[in-house]
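# Remarks on the overall topology
The primary structure of each chain is shown beneath.
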Amino acid sequence: MTKIKTVGIIGAGQMGGGIAHVAATSGYDVLLYDVSEDRIEKGLATINGNLARQVASGKLDDKVRKDALAHISPAHSMADLAGADLVIEAATENEEVKRKIFQELCPQLNPEAILATNTSSISITRLAAQTDRAERFIGIHFMNPVPVMKLVELVRGIATEDATFEAAKEFVHRLDKTVTLSEDFPAFIVNRILLPMINEAIYTLYEGVGSVEAIDTAMKLGANHPMGPLQLADFIGLDTCLSIMQVLHDGLSDSKYRPCPLLVKYVEAGWLGRKAGRGFYDYRGEHPVPTR
């Protein structure tokens, strides 16, 4: 079984940065790569800020914070990931983007290295087929925000070897996360259940059954959800929500997964949620205000 010591991460955004954060605090050496130096620097700054908040809240010792930062190094090119034992792709939820990354990355890697994707919905088998190591390819799907959420979905492709799965499981356990094993079907377990609920909430808004505020209040107080479905959609990113619904609709050919036209319209407008300043709520003021 591959002994994982050094972890390469492709994508320094919310998910990639979060994975780097938990891997570094668990003692792994981390190589963080993105398409530009600015994105890497921004990712490192976010990790630093999140670690500092954990120290301030008493969840982390300051020595652990300093040690974690010392464990993270920027990777200026994919060639810098050559020494990694495990590389996790955490780029945008777009299959074509991921395929191009793997085509460029694979020639750089150690033949024994394990390659993983953090995809939340795309076929692991299909992505693995684009690489030179289908047997050493696996889905390691972290939940957002990574430092807070305890669950990780492990998803085996049709060719994934037992040794790859066991190494990935050991890696996740060392991060103090809980593993759930999902079969390789569109959107796996969590998003197969969660995203249709969010999509139905958007249909409820679209059809005028309730306002943004009414729908979120109803689900928070009526179903004891910590966050309303429209607020959660904004947190996830409406472009990501749409992408997952499209994967479900295309992959399962069932009309119940048809993305709501209002979700499509918001994405076309660039109203992608928190990260864009507007979604089902407008975040540009002091307090979020519903946009419908």
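Residues numbered from 1 in each chain as written. Predicted model: local features only at pLDDT ≥ 70, side-chain atom pairs only at ≥ 80, totals over all residues. Heavy atoms only, no water.

### Overview of unusual backbone geometry
Spelled out, the test is: Strands here mean DSSP runs of E at least two residues long; helices mean DSSP runs of H or I at least four residues long; both are numbered from the N terminus. Any residue under 20% of the maximum accessible area for its type is buried, any over 50% is exposed, and the rest in between are partly exposed; the area is computed with a 1.4 Å probe on protein chains only.
Going from N144 to P145, the amide bond is cis rather than trans, its omega being 0 degrees. Within the element layout of this structure, P145 appears in the loop between β6 (137-142) and β7 (151-156). With phi around 70 degrees, A187 is a residue other than glycine that occupies positive phi space. Residue position: A187 is located in the loop between β8 (178-182) and α7 (190-206). What makes A187 buried here is its relative accessible area of 0%. In this structure, N224 is a non-glycine residue whose phi angle is positive, near 60 degrees. Mapping N224 onto the fold places it in the loop between α8 (212-222) and α9 (229-236). On the basis of relative accessible area, N224 is assigned to the exposed category, the value being 68%.

### With respect to the UniProt feature "binding site: NAD(+)" (unreviewed entry) in the protein
Cut-off, in case you're wondering: UniProt positions are given in the numbering used here, feature names are shortened, and annotations may be inferred rather than shown by experiment. Any two residues having at least one pair of non-hydrogen atoms within 4.5 Å are treated as being in contact.
This chain's UniProt record puts "binding site: NAD(+)" (unreviewed entry) on G11, A12, G13, Q14, M15, G16, D34, E93, K98, S120, N144 and K275. Looking at the secondary structure, you find G11 in the loop between β1 (6-10) and α1 (14-25). Judged by its relative accessible area of 9%, G11 is buried. Apart from residues no more than four positions distant in its own chain, G11 is found in contact with G16, G17, L32, Y33, D34 and A90.

### Notes on the UniProt feature "site: Important for catalytic activity" (unreviewed entry) in the protein
Cut-off, in case you're wondering: Under this definition, polar contacts are N or O atom pairs within 3.5 Å; protein pairs additionally need one hydrogen-donor-capable and one acceptor-capable atom, and for neighbouring residues in sequence, both atoms have to be side-chain atoms.
Per the UniProt entry, the sites bearing "site: Important for catalytic activity" (unreviewed entry) are H141 in this numbering. Within the secondary structure, H141 sits in strand β6. Not counting chain neighbours up to four residues away, the residues in contact with H141 comprise T117, N118, T119, S120, L151, V152, E153, F188 and N191. Of the polar contacts made by the side chain of H141, one reaches the side chain of E153; its length is 2.8 Å.

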